[in-house]
Amino acid sequence: MSTVLSSSRYASLGASSARFIGSAHRMLIDGRWVEAHSGKTFDVFDPGTGQVVARVPEGGAEDIGLAVRAARRAFETGPWPRMKPAERTRLLMKLADLIEAHGDELAEIEAVDNGKPLAVARRGIAGTAEMVRYMAGWATKLNGETVDVSVPGEWHAYTSREAVGVVGQIIPWNFPLSMAIWKLAPALTVGCTVVLKPAEQTPLNALRLGHIIEEAGFPPGVVNIVTGFGATAGAALAAHEDVDKIAFTGSTATGKRIVEASLGNLKKVSLELGGKSPVFVFPDADLERATPAAANAIFFNAGQVCSAGSRLYVHRKVFDRVVEGVIGHGDQLAVGHGLDPASQIGPLISRQQQERVERYVALGEEEGARRFGAPRVFDSDGYFVAPSVFVDTAPDMAIRREEIFGPVVCAMPFDDDDLEGIAAEANRTEFGLFAGIWTRNLSLAHKLARRIKAGSVSVNAHMVNEPALPFGGYKQSGWGRERGREVLDLYTSVKSVAVSLD
Ligand code: ADP
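Conventions and cut-offs
- Residues numbered from 1 in each chain as written.
- Predicted model: local features only at pLDDT ≥ 70, side-chain atom pairs only at ≥ 80, totals over all residues.
- Heavy atoms only, no water.
- Pairing = 2+ DSSP bridges.
- Helix = DSSP H or I, 4+ residues; strand = E, 2+ residues; numbered from the N terminus.
- 1 Å grid on protein atoms, 1.4 Å probe; cavity = no way out; pocket = protein on both sides within 12 Å on 5 of 7 lines; lining within 4 Å.
- Points joined across faces, edges and corners; volume = space filled by probe spheres on them.
- Nonpolar A, V, L, I, M, F, W, Y, C, P; charged D, E, K, R; others polar.
- Buried < 20%, exposed > 50% of the residue type's maximum accessible area, 1.4 Å probe, protein only.
- Contact = heavy atoms within 4.5 Å.
- Salt bridge = Lys/Arg side-chain N within 4 Å of Asp/Glu carboxyl O.
- Near = heavy atom within 4 Å.
- Polar contact = N/O pair within 3.5 Å; in protein donor to acceptor, adjacent residues only side chain to side chain.
- Areas by Shrake-Rupley, 256 points an atom, 1.4 Å probe, with all protein chains shown as cover.
- Domains from an automatic or database assignment.
- Buried area = accessible area lost by both parts, 1.4 Å probe.
- Axes fitted to C-alpha atoms, helices over the stretch in contact; angles between N-to-C directions.
- Parallel < 35°, antiparallel > 145°, perpendicular 65-115°, else oblique.
- Left-handed = near helix turned anticlockwise from the far one by under 90°.
- UniProt positions renumbered as here; feature names shortened; annotations may be inferred.

Visitor: Looking at this structure, how should I read the sheet that holds strand β5 (residues 146-147)?
Guide: Two orientations exist for strands paired in a sheet by backbone hydrogen bonds: parallel and antiparallel. Taken together, the 3 strands give an open sheet; going across it, the order is β5-β6-β20, and neighbouring strands pair in antiparallel fashion. The outermost strands of the open sheet, each flanked by one partner alone, are β5 and β20 (492-500). The pairing of β5 with strand β6 (residues 155-163) spans 2 bridges and is classified as antiparallel. The residue of β6 that forms the bridge with Thr 146 is Tyr 158.

Visitor: Explanation requested: the layout of surface pockets in the structure shown.
Guide: One simple way to see leftover space: roll a probe sized like a water molecule over the atoms. Size it by volume and the second largest pocket reaches roughly 250 Å³. Every residue lining the second largest pocket is counted, 15 residues in all, and those nearest its centre are Phe 319, Asp 320, Arg 370, Val 391 and Asp 392. Broken down by secondary-structure element, the contributors of at least two residues to the lining of the second largest pocket are α12 (319-332), β14 (370-372) and β16 (408-414). With 5 residues, α12 is the largest single contributor of residues to the lining of the second largest pocket. Partitioning the lining of the second largest pocket into residue classes produces 8 nonpolar, 1 polar and 6 charged.

Visitor: Can you help me understand the environment of Glu 430 in this one?
Guide: Position of Glu 430 among the secondary structure elements: in the loop between α15 (419-426) and β17 (434-438). Glu 430 sits in the partly exposed class, given a relative accessible area of 43%. When the C-alpha atoms of Glu 430 and Lys 276 are compared, they prove to be 8.5 Å apart, with 154 residues separating the residues in sequence. Every residue in contact with Glu 430, bar those within four places of it in the chain, is listed here: Lys 475, Gln 476 and Ser 477.

Visitor: Explain the pattern of salt bridges here, please?
Guide: Opposite charge on two side chains makes pairing possible when the charged atoms of those side chains draw close. Scanning the model with the defined rule gives 23 salt bridges in all. Across the salt bridge formed by Arg 55 and Asp 43, the nearest N and O atoms sit 2.8 Å from each other. Here Arg 55, found in strand β4 (residues 51-57), pairs with Asp 43, found in strand β3 (residues 41-46); they are 12 residues apart in sequence, far enough to count as distant. Among the residues examined, Asp 43 registers a relative accessible area of 33% and is labelled partly exposed.

Visitor: Would you take a moment to explain the site of the ligand for this structure?
Guide: As a structural note, the neighbourhood of the ligand is formed by 18 residues, with Ile 171, Lys 197, Glu 200, Ser 251 and Thr 254 the closest of them. Trp 173 places a side-chain nitrogen or oxygen 3.2 Å from an oxygen atom of the ligand. For the ligand, an oxygen atom lies 2.7 Å from a polar atom in the backbone of Ser 251. Considered on its own, the ligand offers 550 Å² of accessible surface; in the complex 81% of this is hidden by protein.

Visitor: I would appreciate a short explanation of the domain arrangement of the protein chain in the present structure.
Guide: Many descriptions give the size of an interface as the accessible area lost when the pieces come together. Taken domain by domain, the protein chain comprises domain 1 (59-273 + 480-495) and domain 2 (278-467). The centre of domain 1, based on its C-alpha atoms, is set 31 Å off from the matching centre of domain 2. Every contact between the two is made by 24 residues of domain 1 and, on the other side, 22 residues of domain 2. Of the roughly 1,900 Å² buried between domain 1 and domain 2 on both sides combined, carbon and sulfur atoms contribute 62%. Together, Pro 117, Trp 173 and Arg 483 form the three largest contributors to the area buried by domain 1 at its contact with domain 2, with a combined 29%. Here domain 1 and domain 2 share 0 salt bridges between them. At the surface where domain 1 touches domain 2, the tally comes to 7 residue pairs in polar contact (both at pLDDT 80 or more).

Visitor: Is there a simple way to explain the sheet that holds β17 in this structure?
Guide: A sheet is described by the order of its strands in space; here 7 strands give the open sequence β14-β15-β16-β13-β12-β17-β18, paired in mixed fashion. Each end of this open sheet is capped by a strand with a single partner; those strands are β14 and β18 (456-459). On average, each strand axis in the sheet is inclined to that of its neighbour by 20°, with strand direction left out of account. Two elements, strand β15 (residues 388-391) and β16, share 3 bridges in a ladder whose sense is parallel. Along β16, the bridge assignment pairs Ser 388 with Val 408.

Visitor: Got a minute to help me understand the packing of α15 against helix α16 (residues 442-451) in this structure?
Guide: A pair of packed helices is captured by two measures, namely the crossing angle of their axes and the spacing between those axes. Where α15 contacts α16, the two axes come as close as 9 Å, and the packing angle between them is 40°. Relative to α16, the element α15 is oriented oblique. Seen from above, α15 lies across α16 with right-handed handedness. Between α15 and α16, the residues in contact are Leu 419, Glu 420, Ile 422 and Ala 423 and Leu 444, Lys 447, Leu 448 and Arg 451, respectively.

Visitor: What should I look at first to understand the packing of helix α6 (residues 118-138) against helix α7 (residues 176-190) in this one?
Guide: Two elements in contact, α6 and α7, have axes whose closest approach is 9 Å; the angle formed by their N-to-C orientations is 10°. By the angle class used here, α6 and α7 are roughly parallel. Note on element contacts: α7 touches α6 through Leu 177, Ser 178, Ile 181, Trp 182, Ala 185, Pro 186 and Thr 189, opposite Gly 124, Ile 125, Thr 128, Met 131, Val 132, Met 135, Ala 136 and Trp 138. Here the contact of α6 with α7 is built from residues that sort into 11 nonpolar, 4 polar and no charged.

Visitor: How do you make sense of the UniProt feature "active site" (unreviewed entry) in the protein chain when you look at a structure like this?
Guide: As annotated in UniProt, the feature "active site" (unreviewed entry) corresponds to Glu 272 in the numbering used here. For Glu 272, the position within the fold is in strand β11 (residues 268-272). Overall, Glu 272 belongs to the buried group, its relative accessible area being 2%. Not counting chain neighbours up to four residues away, the residues in contact with Glu 272 comprise Phe 248, Thr 249, Gly 250, Cys 306, Leu 433, Phe 471, Ser 477 and Glu 482.

Visitor: It is not clear to me how the pairing of β3 should be interpreted in this structure. Could you clarify?
Guide: Each regular strand shows side chains that alternate between the opposite faces of the sheet. Bridge analysis of β3 against β4 gives 6 bridges, and the strand direction is antiparallel. Considered in β4, the bridge of Thr 41 is made with Pro 57. Hairpin connection from β3 to β4: 4 residues lie between these consecutive antiparallel strands, with Gly 50 at a positive phi of about 75°.

As structure tokens, then:
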């Protein structure tokens, strides 16, 4: 492994990220860094080269059991849930500062582990620090209310909000550090303890974050991090009888498995799942902004974004202009290794994902849709895929219905401003995560926003990365809302107390 990291590809890595990636990795259980109970490890690939850059412990059911036991002890008898809210705020603020201080290192790890271009990773790290700060502020504001009751007699009745307990968090590989923070920050804010399982494709930044959490001074057992596969470690966490709540982000198919696994103890479940999100461009929109934004909506992060704008609806009057612009934008994007400063989009996460996206592209062509996007030759064994834009698709085609999770967009014209028709067409999907609307007519924008069945809508923007705005899905895009005040509901239970004063 160290020979791989000493190759010229990694020459630009800072000393601390190179040292961390090449180190002997352990999992964090009960404040100790440990190997898997089985002693097994698995390989971590750089998706930009296809080479193994690290090995991490292959945690299984036994390790999950130990981690849950540690989290239970930390919750029932440890200082964390009993700490004054202002002290929790202070620790979380310290964590945010440390994430920022380690920003370059975390971004470099992300570029190697996930493939993201360094500049994109850096912006993401800054966003995660802001998310921690936003959530930290809520620790002191989790009040219940007093309630005027109508039953006879004199009463003092009130509600309180209590931490739900031990939380299992299972996260995906597309934004490894942000996804960890989206989950950890609200859970920690309210006083929960956590077992976090990162995706097997991208375990490195979760482990690095574990060290930073230690450095910030969180008590042992509050955050436990178990690396392992979904079918073993993930499934064990979802099924564990002593886990009070499971929070999951990933595919809809896996989300359904999580729900099934949760039935044993009816743990609370929140899910942030897939999407097939529409972007609408009306003819009066500022096309200079809308066109590159529609391209970025699907090509950003190589399309590996649950809220990617994978269905592009463009008014017929401007269809050719916008779609040609999107194709041109895709063709000009520099696709390359995350550490290459010229790269604008990186590889897909794995060979499997690359093959899956290529299958969808081939299927689209077989089914009769027309594909645009310049063919490319990539000079490495990384899992690269060139951007594709499909036109002349039909509603029942797989590329139009299914989440591809790659840089592949279907562009459809619409003819008039029949809002009901446009909304009905866009809503003809099992998903409902996000919609983007481009128009200068704000009345039209608000009317369409009302008619779209999706958890988030952006007007004249694509996805606002704002911690205060709730995010989550309608329909099969999920249960619950992350970010914003709403996420606190996922990690707290409401208790009502009625005291007879008679
Ligand atoms: P993908 O198929 O693209 O890898 P998944 O939704 O399967 O996406 O993965 C997201 C996360 O869910 C990962 O951390 C993965 O290990 C985990 N996971 C996969 N299968 C299961 C499962 N059966 N039970 C619990 N977690 C799982």
